[in-house]
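Reading the structure
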Amino acid sequence: MSWIDKILPSISSSSLRASQKNSVPEGLWKKCPRCDQTLYRGDLERNFEVCPKCNHHLRITARRRIELFLDKEGQQELYGDMEAVDTLKFKDLKKYKDRLVAARKNTGEKDALIVVQGFVNELEVVVAAFEFGFIGGSMGAVVGEKFTQAVNTCIANDLPFICFSTSGGARMQEALIALMQMAKTSAVLEKLRHHCLPFISVLVDPVYGGVSASLAMLGDVNIAEPKALVGFTGPDVIRQTVRVKLPEGFQRSEFLLEHGAIDMIIERKDLRDRISSLIKKLMDNRN
């Protein structure tokens, strides 16, 4: 037997193994970041993107959240053509306009807030959801304007408003323009209140900075998912600044509920039914 005949079987075996490996589709499995269990993607999707082993609520995209929350029929996206612009020509490690291009490419979204008019258990609503993958779900001029226009749509059509917030806060690349959105969104929510229309705020891990300090905590009912981190500044920054040991579970939704900062914690699978029930009660008792 020649030397080439001796190595051919090993070459064939290696090729077979590579072929078998490549036949497994990418993204079929996902590891839970909390318990490290390897989860089948299909099972995870059927379980509302919640780990069946430890009940960890995995982070999901804004569109996936809206898909899970709203009825399939009758959805209409609003203000989807709005795009941020680099008015200040801001540059840190990268140019802001380059960050925008990268964020749009990575997420497929034009900015960090998606607004959809639709139905939840046959009740017509307007829903906004933050996309954390778009520059950390940060709030700039477009996010503030889309939020404001969403509330105005509710007022014009006599509809309740629900917002799923997950954000790192105001967008630093837009400086004072971004900070102004805190006042702008707070003011339009006061306008919604004067029309006796409910605003349900759902806090999704994580919610920080200018978003938590404005619109996210101004709901008629403030709801959080289990173990969601909610605060103004992260626990590490607070720990380093005040140099004290923080309480266990500090800034988790369970801690906030215990101290009266939020009204309830609802698991993702129950959000549709619980929120639609709340809306019905609030709308029935407007007068």
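Structure report, in brief. Here, residues in each chain are numbered from 1, in the same order as that chain's written sequence. Whole-chain, interface and lining totals are the exception, using all residues; otherwise, since this is a predicted model, local features are given only for residues with pLDDT of at least 70 and side-chain atom pairs are given and counted only at 80 or more. Where side-chain values are given, they derive from all heavy atoms of the structure, hydrogens and water being excluded.

Focus on the state of the cysteines
Note that a disulfide, as used here, is simply two cysteine sulfur atoms within 2.5 Å. Considering all chains together, one arrives at zero disulfides under this definition. A disulfide-free cysteine, C154 has its sulfur positioned 11 Å from the sulfur of C163, the nearest such atom. Classification of residues uses two cut-offs on accessible area relative to the type maximum, computed with a 1.4 Å probe and protein chains only: under 20% is buried, over 50% is exposed, and between them is partly exposed. Residue C154 is classed as buried on the basis of its relative accessible area of 0%.

Let's talk about the packing of aromatic side chains
The pairing test for Phe, Tyr and Trp rings, Trp by its six-membered ring, is centres within 6.5 Å, and the orientation test on the planes gives stacked under 30 degrees, edge-to-face over 60, and tilted for anything in between. For the structure on display, the rule yields six aromatic pairs. On the basis of an interplanar angle of 70 degrees and a centroid distance of 5.2 Å, the ring pair of F147 and F161 is categorised as edge-to-face. Linking F147 in helix α5 (residues 141–157) with F161 in strand β6 (residues 161–167), this pair joins segments that are 14 residues apart in sequence. In this structure an aromatic cluster arises from ring pairing among F147, F161 and F199. Strands are runs of DSSP state E lasting at least two residues, helices are runs of H or I lasting at least four, and both sets are numbered from the N terminus onward.

Let's talk about the pattern of salt bridges
Basic side-chain nitrogens of Lys or Arg form a salt bridge, by our definition, when they fall within 4 Å of a carboxyl oxygen of Asp or Glu. According to the stated counting rule, one finds 21 salt bridges in the structure shown. R41 is the salt-bridge partner of E49, the closest N and O atoms lying 2.3 Å from each other. Residue E49 is classed as buried on the basis of its relative accessible area, which comes to 4%. A relative accessible area of 22% places R41 in the partly exposed class. Of the charged contacts, one joins R59 and D205 as a salt bridge, the two residues approaching to 3.2 Å between their closest N and O atoms. With R59 in the loop between α2 (41–46) and α3 (62–69) and D205 in strand β7 (residues 199–207), this pair connects stretches of sequence that are 146 residues apart. Through salt bridges with shared partners, one network takes in R41, E45, E49, R64 and E67.

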